[in-house]
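Fold and contact review
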Amino acid sequence: MPHPADGQRSIYIAGAGIAGLTLALALARHGFSVVVLERQAHPSPFGAGLQLGPNARLLLDRLGLDAALKKVSFEPPSLDVYPFGRQKPLRALALGQNALSRYGVPYAVIHRADLHRVLLTAARRSASIEVLWSIRQLDLVRHARGISMGVELADHSALNVRPHAFVGADGVNSTTRTDLLGGPSAKYSGYVAWRGLVAEAQLAGLVPLDRTCVFWGPGFHAVTYPLPHQAQINVVLVTRLKAKRAFQATPPTRPKIDRWYLRRSRVFGDLMKIMGDKWTFWPIFTVRTASWHDGAVGLVGDAAHAMLPFQAQGAAMAIEDAVVLADELATRPSAEEAFAAYAARRRKRVERVREVSARNGGLFHLPWPLTHIRNYVVAHRAPDAHLAHLDWLYGFDAGADAS
Ligand SMILES: Cc1cc2nc3c(=O)[nH]c(=O)nc-3n(C[C@H](O)[C@H](O)[C@H](O)COP(=O)(O)OP(=O)(O)OC[C@H]3O[C@@H](n4cnc5c(N)ncnc54)[C@H](O)[C@@H]3O)c2cc1C
C-alpha cells in the first residue's frame, strides 16, 4: 500500500504494540487506510505472559482473530488462591467453563509475543494497513485545517502527510502524550514486577502446572500460569522497591525478600532458588493525564492510562480503547469530536479498573493479622462468585457501548 497522504480516511498511529495494532485492525474494518509508525526495527519478543480477560477476547474475536488466538493461548480452569505459607489453595475460583458460559468467550492466558504476532499477521494481511518500522523522527504541526506530519523513515527518506487523525499508541513512555499533548511523564509506582519464563519441569511439584495461581505474601505476591505452547510457566513476582534502589546505576538482579519469610513459604523459597538471577527486572510505571486528546491528536492504551497490573487488564483496556476509538472516528464528522466522544466513553471505566487494580495490590500484600479477614471472606465465597463479582468488568462489551 502506498502511504496514504491526506484526507478523511487516513489515520496515522505511533506504536505497533497491542493498542496500535488493534486500532489499525478496527479502523481498517471501518474502511480507513492506516499507517502504523513503529520506533523499533522489528517486532520484539519482549514481555511475558498476559491474562486475556473475556472483555478483551470478545473484541479480538470480532476482529476475526478467534482461531489464531485459540492456537496459541490456554484456558485455565481456575484461579487458585494461596495465602502466605499454605501448601493448599484457600479457594479455586472457577474460570474455564464458568467464564465461557457466563460470557460466551474464554478467559485465556497467552504470551505477549504470541498475541502480538496474531495482531501483526492480521495487520499484514490487510490491504488497508501498513506498518513502518525503525521510524527515526516524527514532527507534527496543527493548523486550522487539521494536522500535517513529517516522518523520517528508516532509510532517511521523508514522508509528508495530512491525515485525518494521529493517534499515540506509543506505550507508557509516550512522547505523543508528553511532547504533543503536554502531558506528564510516567510515574514510578514503587512496585517492581520480576518476570520469568520457566520450563514446566522445573516447577513440577512446586506449583500446579495446569491453572493460574496467585500466592499472597506480606508485602509481595506471585502469579504463575502455564503457557503450554511454549512449554513454560509464566512467573511474576511483585515486590516493593524504593526508587533510589530501583534506578541505581546497576539495577538489582533478583528480588529481595526477607529470609525469615522465605523459610516459611516453600513456594517463595524455592522460586527464589530456581530463578536465581534469571528474573527480568520490570519497574512498574503508571500514567494519569488530564487530557487524552487535543484537536486531531489523541492517545490510546498505556500512553493514556498505564495502570498497576494487579487486575491483569492493561492490555484489555488498550484493546477496548482501540475498538471504541475506531467506532467514533468512523461515525463523527471530525477527529476532534471523535476523540472527545471516545474519551467520554472510556474514562470512567478505565478509572474504575485502575482503582480495582490498586486495591488488589493492597489486598494481595496485606500483613498479618489483617490477612485473617481477607482469607475468611475469600474462603467463604462460592467458586463462581469471583466472576459474578467481576461481571461488570469481564461481561462488558466495549463495542456495543455507544452513547
Ligand atoms: C508485570 C505486568 C503484567 C501485566 N499483565 C497483564 C495481563 O495479564 N493482562 C493485561 O491485559 N495486561 C497486562 N499488563 C499490561 C499490558 O502489558 C499493557 O497494558 C499493554 O501492553 C499496553 O499496550 P500498549 O499497546 O498501550 O503499549 P505497548 O505494548 O508498550 O506498545 C507500545 C509500542 O509503541 C512503540 N513506541 C514507543 N515509543 C514510540 C515512538 N515514539 N514512536 C513509535 N513507536 C513507539 C513501542 O516500541 C511499542 O511497540 C501487564 C503489565 C505488567 C507490567
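Please refer to the structure higher up on the page.
Below is a short write-up of the structure. (Residues numbered from 1 in each chain as written. Predicted model: local features only at pLDDT ≥ 70, side-chain atom pairs only at ≥ 80, totals over all residues. Heavy atoms only, no water.)

With respect to the packing of aromatic side chains
Defined as follows: Any pair of Phe, Tyr and Trp rings, taking the six-membered ring for Trp, is counted once the centres come within 6.5 Å. Such a pair is stacked with planes under 30 degrees apart, edge-to-face with planes over 60 apart, and tilted for the rest. To qualify as a helix, a DSSP run of H or I must reach at least 4 residues; to qualify as a strand, a run of E must reach at least 2; elements of each kind are numbered from the N terminus. Accessible area is worked out with a 1.4 Å probe on protein chains only. A residue is then buried under 20% of its type maximum, exposed over 50%, and partly exposed in between.
All told, the structure shown has 16 aromatic pairs when counted by the stated rule. Aromatic side chains Y103 and Y394 sit 6.3 Å apart centroid to centroid with 70° between the ring planes, which places their arrangement in the edge-to-face category. Of this pair, Y103 sits in helix α4 (residues 96-103) while Y394 sits in helix α16 (residues 391-394), and the two are 291 residues apart along the sequence. Given the relative accessible area of 14%, Y103 is considered buried. The class for Y394 is buried, based on a relative accessible area of 3%. Connected via pairs of aromatic rings, a cluster forms that spans F84, F220, W260, Y261 and F268.

Points about the site of the ligand
In plain terms, the rule: For each residue, the test is whether any non-hydrogen atom lies within 4 Å of the molecule or strand; if one does, the residue is near. Within 3.5 Å is the distance limit for a polar contact, defined as a pair of N or O atoms, with the added protein rule that one can donate a hydrogen and the other accept it, and that residues adjacent in sequence qualify only through two side-chain atoms. For every accessible area listed, the method is Shrake-Rupley and the probe measures 1.4 Å; residues are considered covered only by the protein chains on display. Throughout, the ten residues Ala, Val, Leu, Ile, Met, Phe, Trp, Tyr, Cys and Pro are labelled nonpolar, Asp, Glu, Lys and Arg are labelled charged, and all others, Gly among them, are labelled polar.
The environment of the ligand is made up of 27 residues, and the closest members are A19, E38, Q51, R112 and D302. Take E38: an N or O atom from its side chain is 2.6 Å from an oxygen atom of the ligand. Taking 1000 Å² as the accessible area of the ligand by itself, protein coverage stands at 87%. Going through the elements one at a time, α1 (18-29), β3 (49-52), β12 (187-199) and α12 (314-331) are the ones with two or more residues in the shell around the ligand. The dominant element in the shell around the ligand, judged by the number of residues it contributes, is α12, at 3 residues. Along the lines of polarity and charge, the residues of the shell around the ligand split into 12 nonpolar, 9 polar and 6 charged.

Quick word on unusual backbone geometry
Residue W368 is joined to P369 through a cis peptide bond whose omega torsion reads 5°. Relative to the elements of secondary structure, P369 occurs in the loop between α13 (335-364) and α14 (371-379). You will see that S134, though not glycine, has its phi angle at about 55°, which is positive. Mapped onto the secondary structure, S134 falls in the loop between β8 (129-132) and β9 (137-143). Residue classification places S134 among the partly exposed positions, given a relative accessible area of 23%. Notably, A231 is not glycine yet its phi reads approximately 50°, a positive angle. Note on placement: A231 falls in the loop between β14 (220-227) and β15 (232-240). Judged by its relative accessible area of 40%, A231 is partly exposed.

Topic: the nonpolar core
For clarity, the cut-off: To define a nonpolar core, start from buried Ala, Val, Leu, Ile, Met, Phe, Trp, Tyr and Cys residues and group those joined through side-chain atoms within 4.5 Å. Throughout, a contact is declared for two residues whenever any of their heavy atoms are within 4.5 Å.
Core analysis: the biggest nonpolar cluster contains 107 residues, and I13, L23, L27, L65, L115, I129 and L329 have the highest contact counts within it. In terms of residue count, the dominant contributor to this core is α12 (11 residues). Beyond its immediate chain neighbours, meaning those up to four positions away, L27 contacts I11, I13, F32, V34, A326 and L329. With 26 residues, the next largest nonpolar core counts A222, L241, I257 and F281 among its residues.

Re the packing of α12 against α13
Stated formally: Throughout, an axis means a line fitted to C-alpha atoms (over the contacting stretch in the case of helices), and angles, computed between N-to-C directions, take values from 0 to 180 degrees. Note that the term roughly parallel is reserved for angles under 35 degrees, roughly antiparallel for angles over 145, roughly perpendicular for angles of 65 to 115, and oblique for everything else. Handedness of a crossing is defined here by the sense of rotation of the near helix relative to the far one, left-handed for an anticlockwise turn of less than a right angle and right-handed for a clockwise turn.
Direction vectors running N to C along α12 and α13 enclose 155°, while the axes themselves pass 8 Å from each other. With respect to each other, α12 and α13 are oriented roughly antiparallel. Seen along the crossing, α12 lies across α13 with a hand that is right-handed. Residues M317, E320, D321, V324, L325, D327, E328 and L329 of α12 lie in contact with α13, whose contacting residues are A335, A338, F339, A341, Y342, R345, R346, R349, V350 and V353. For the contact of α12 with α13, a count of residues per class yields 11 nonpolar, no polar and 7 charged.

Here's the deal with the pattern of salt bridges
Quick note on the threshold: Whenever a carboxyl oxygen of Asp or Glu lies within 4 Å of a side-chain nitrogen of Lys or Arg, that contact is scored as a salt bridge.
A complete count under the given rule lists 20 salt bridges for this structure. D397 is the partner of R62 in a salt bridge, and the nearest nitrogen-oxygen pair spans 2.6 Å. Highlighted residues: R62 in helix α2 (residues 54-62) and D397 in the segment after α16, separated in sequence by 335 residues. A salt bridge links R142 to D294; the nearest nitrogen and oxygen atoms lie 3.8 Å apart. Of this pair, R142 sits in strand β9 while D294 sits in strand β17 (residues 293-294); the two residues are 152 residues apart in sequence, bridging distant segments of the chain. Judged by relative accessible area, which is 39%, D294 ranks as partly exposed. Among the ionic contacts, a cluster of salt bridges with common partners joins E320, D321, R346 and R349.

Examining the pairing of β12
The following threshold applies: Pairing between two strands requires that DSSP report at least two bridges joining them.
Among the 13 residues that make up β12, 10 are buried, leaving the element largely enclosed by the rest of the structure. For β12 and strand β16 (residues 280-286), the ladder comprises 6 bridges, and the chain directions are antiparallel. Residue pairing across strands places R195 opposite T280, the latter belonging to β16. Bridging between β12 and β15 involves 9 bridges; their strand directions are antiparallel. The residue bridging A199 from the neighbouring strand is Q232, located in β15.

Some thoughts on the sheet that holds strand β13 (residues 212-217)
Ordered in space as β6-β5-β13-β14-β15-β12-β16, the 7 strands form an open sheet in which the pairing is mixed. The open sheet has two edge strands with one neighbour each: β6 (91-94) and β16. Neighbour-to-neighbour, the strand axes of this sheet turn through a mean angle of 20°, independent of strand direction. Of the pairings in the sheet, the one linking strand β5 (residues 78-82) to β13 comprises 4 bridges and is parallel in character.

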